[in-house]
Amino acid sequence: MVTSPSRLFSEIATAERPTETRVLMRRAVVLGGSIAGLMAARVLSDHADEVLIIERDPSDVDGGPRPGVPQGSQVHALLPAGQIQLERWFPGIVDEALALGAPPPPGDPGAAKIFVNGVLGLPPAPSDTGPMLITTRPFLEALVRRRTLAVGNIRMVYGRAEGLVLANRRVAGARYVPDGGGEPVVEPADLVVDAMGRSSRLSDWLADNGWPRPPMQRMPIKLNYATALFKQDEKVSDAWVVVYHTMAGKGRSARIGGINSVEGDRWIMLVAATTRTGPPATSPTSPPAAASTTRACSATSPNTGRCSAGWPRTTRRTADAGTSTSSTACPPDWSPPVTRSPPSTRCTARA
Ligand SMILES: Cc1cc2nc3c(=O)[nH]c(=O)nc-3n(C[C@H](O)[C@H](O)[C@H](O)COP(=O)(O)OP(=O)(O)OC[C@H]3O[C@@H](n4cnc5c(N)ncnc54)[C@H](O)[C@@H]3O)c2cc1C
């Protein structure tokens, strides 16, 4: 049955606790053990006898950003839909995060301050999704990893996935080189999931084995980003979340910035702008803190030394049925995608 991606997403994004646990396969292998890979493994653990995650970064990086997720040092906000899914698959995870030091939302809604063009707006409306979780990305990922690996039939091994194993034109496993080197290991699987993020080489692997390469779109976004961590100082502010947003207008370019209280009694602070020149050094409509983030970035981020900036482009690969140049990959009455720039990736219904 053909269904639109948005309809499919709304069907599977329910908040209901999973009840269907029919085992459909013996073994599933997930390549990449970041947020998507961990969540995929948790979902598959209800439907496979065994789930194996192959992750390039060794586990001893807990607590800090790691090379496989370079964006991990940037501000990450967990939106309500993501929080609902985390709680759905790992009941109690929000309470666990709070117990481990994620800052609890204050009783006073005024502790969340949202400025638009320098004007303080009304506090956000109360949410019915439970207390909002604000943490650094490494903290959240470490928690999700711990909960995932506590599931009896999920295991993680460390090494670099290098390719697929094929049998009769079907994927029958994956090959990886264990951490520390050595001979490649073949892991048989009934299903292999690619959760390797932006560095995935799945397109090359498919092309090497005679399948069309899923088209890739690169979109220049010229987003300059700077994030720094600071030790909290109540003398400066007791705010929980501060966001300032400057809309593009006459003599003004769009900018966004914010300060979130995160675990470890720290603030994480972000300034971002869609300009060629880097994060704004000063902004007439932003709190003075924004300027000091930029200065902190160019020196050293107090207490942590973590700081990063610049995000020139975003990349999207589309690997659905419409990505093939062969008309057989489209449903019978549909036309294959048209070649144009940027490439169309969709089959279209024939008139
Ligand atoms: C600047 C910035 C800010 C962002 N802010 C937010 C935000 O506020 N909120 C939000 O929800 N999202 C945010 N995102 C997006 C979010 O970071 C990504 O959507 C998310 O990290 C994608 O998760 P993933 O698990 O798919 O991939 P990734 O997190 O990229 O992980 C890929 C994993 O695969 C592993 N891997 C790669 N290659 C191999 C291999 N060959 N073998 C084995 N393992 C491999 C890596 O080590 C890594 O663990 C932001 C992104 C950026 C760049």
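Residues numbered from 1 in each chain as written. Predicted model: local features only at pLDDT ≥ 70, side-chain atom pairs only at ≥ 80, totals over all residues.

## Quick word on the overall build of the protein chain
Moving on, step 1. When helices and strands are tallied, the protein chain shows seven helices and 15 strands.
Moving on, step 2. By residue count, 29% of the 351 residues in the protein chain fall in the buried class.
Moving on, step 3. For the protein chain, long-range pairs separated by at least 24 residues make up 62% of all intrachain contacts whose partners lie at least 6 apart in sequence. (Helix = DSSP H or I, 4+ residues; strand = E, 2+ residues; numbered from the N terminus. Buried ≥ 20, exposed ≤ 12 C-beta atoms within 10 Å, placed from the backbone. Contact = placed C-beta atoms within 7 Å.)

## A look at the nonpolar core
Moving on, step 1. Core analysis: the largest hydrophobic core is formed by 55 residues, its most contacted members being V29, V30, L31, V51 and A174.
Moving on, step 2. Broken down by element, the residue count for this core peaks at seven residues, all from strand β12 (residues 266-273).
Moving on, step 3. Counting the residues that make up this core, at least three belong to each of domain 1 (5-76 + 136-208) and domain 2 (116-130 + 219-314).
Moving on, step 4. Beyond its immediate stretch of four places on either side in the chain, L31 contacts I54, A161, A174, V192, V193, D194, A195 and M196. (Core = buried A, V, L, I, M, F, W, Y, C linked by C-beta atoms within 7 Å. Domains from an automatic or database assignment.)

## Side note on the site of the ligand
Moving on, step 1. G32, S34, A36, G68 and G197 are the nearest of the 28 residues found near the ligand.
Moving on, step 2. Elements represented by at least two residues in the shell around the ligand include exactly α2 (35-44), β2 (48-55) and β5 (154-167).
Moving on, step 3. Sort the elements by how many residues they give to the shell around the ligand and α2 lands first, with three residues.
Moving on, step 4. When the residues that make up the shell around the ligand are grouped by side-chain class, the tally is 12 nonpolar, 11 polar and five charged. (Near = placed C-beta within 6 Å. Nonpolar A, V, L, I, M, F, W, Y, C, P; charged D, E, K, R; others polar.)

## Things to note about the pairing of β2
Two faces make up the sheet, and in a regular strand the side chains alternate between them.
Moving on, step 1. Within β2, six of the eight residues are buried, leaving the element largely enclosed by the surrounding structure.
Moving on, step 2. Relative to β2, strand β1 (residues 25-31) runs parallel, the two being bridged by six bridges. Counterpart to R27 in the pairing with β2 is E50.
Moving on, step 3. In this fold, the crossover linking β1 to β2 by way of α2 has right-handed handedness.
Moving on, step 4. One ladder, built from five bridges, connects β2 with β5; its direction is parallel. Bridge pairing links E55 to Y158 in β5. (Pairing = 2+ DSSP bridges. Right-handed = clockwise from strand over helix to strand, strands pointing away.)

## Quick notes on unusual backbone geometry
Moving on, step 1. Even without being a glycine, N117 presents a positive backbone phi close to 50°.
Moving on, step 2. Examined against the element boundaries, N117 turns out to sit in the loop between β3 (112-116) and β4 (119-120).
Moving on, step 3. The exposure class of N117 is partly exposed, given the 14 C-beta atoms found within 10 Å.
Moving on, step 4. For D265, which is not glycine, the phi torsion reads 50° and is therefore positive.
Moving on, step 5. Along the chain, the position of D265 falls in the loop between β11 (255-262) and β12.

## Observations regarding the sheet that holds strand β8 (residues 191-194)
Sheet strands line up and pair through hydrogen bonds in the backbone, either parallel or antiparallel.
Moving on, step 1. Reading across the sheet, the six strands line up as β7-β6-β5-β2-β1-β8 and stay open at both edges, with mixed pairing between neighbours. Every interior strand has two partners, whereas the edge strands, β7 (185-188) and β8, have only one. Strand after strand, the sheet turns through a mean of 40° between neighbouring axes, direction not considered.
Moving on, step 2. Its contacts with the sheet place α2 against β1, β2, β5 and β8, and it is angled at close to 170° to β2. (Axes fitted to C-alpha atoms, helices over the stretch in contact; angles between N-to-C directions.)

## Notes on α2
Moving on, step 1. Of the residues making up α2, those classed as buried are G37, L38, A40, A41, R42 and L44.
Moving on, step 2. Buried positions along α2 lie against β1, β2, α3 (80-89), α5 (137-149), β5 and β8.

## Considerations on the confidence of the model for the protein chain
Moving on, step 1. Residues at a pLDDT of 70 or more form 77% of the protein chain, whose mean pLDDT is 79.
Moving on, step 2. Considering only residues more than four positions removed or in separate chains, one finds that residues 277-306, a stretch of pLDDT under 50, has 60 contacts.
Moving on, step 3. The low-confidence segment residues 321-348 (pLDDT under 50) makes 44 contacts with residues lying over four places distant or belonging to another chain. (pLDDT = per-residue confidence, 0-100.)

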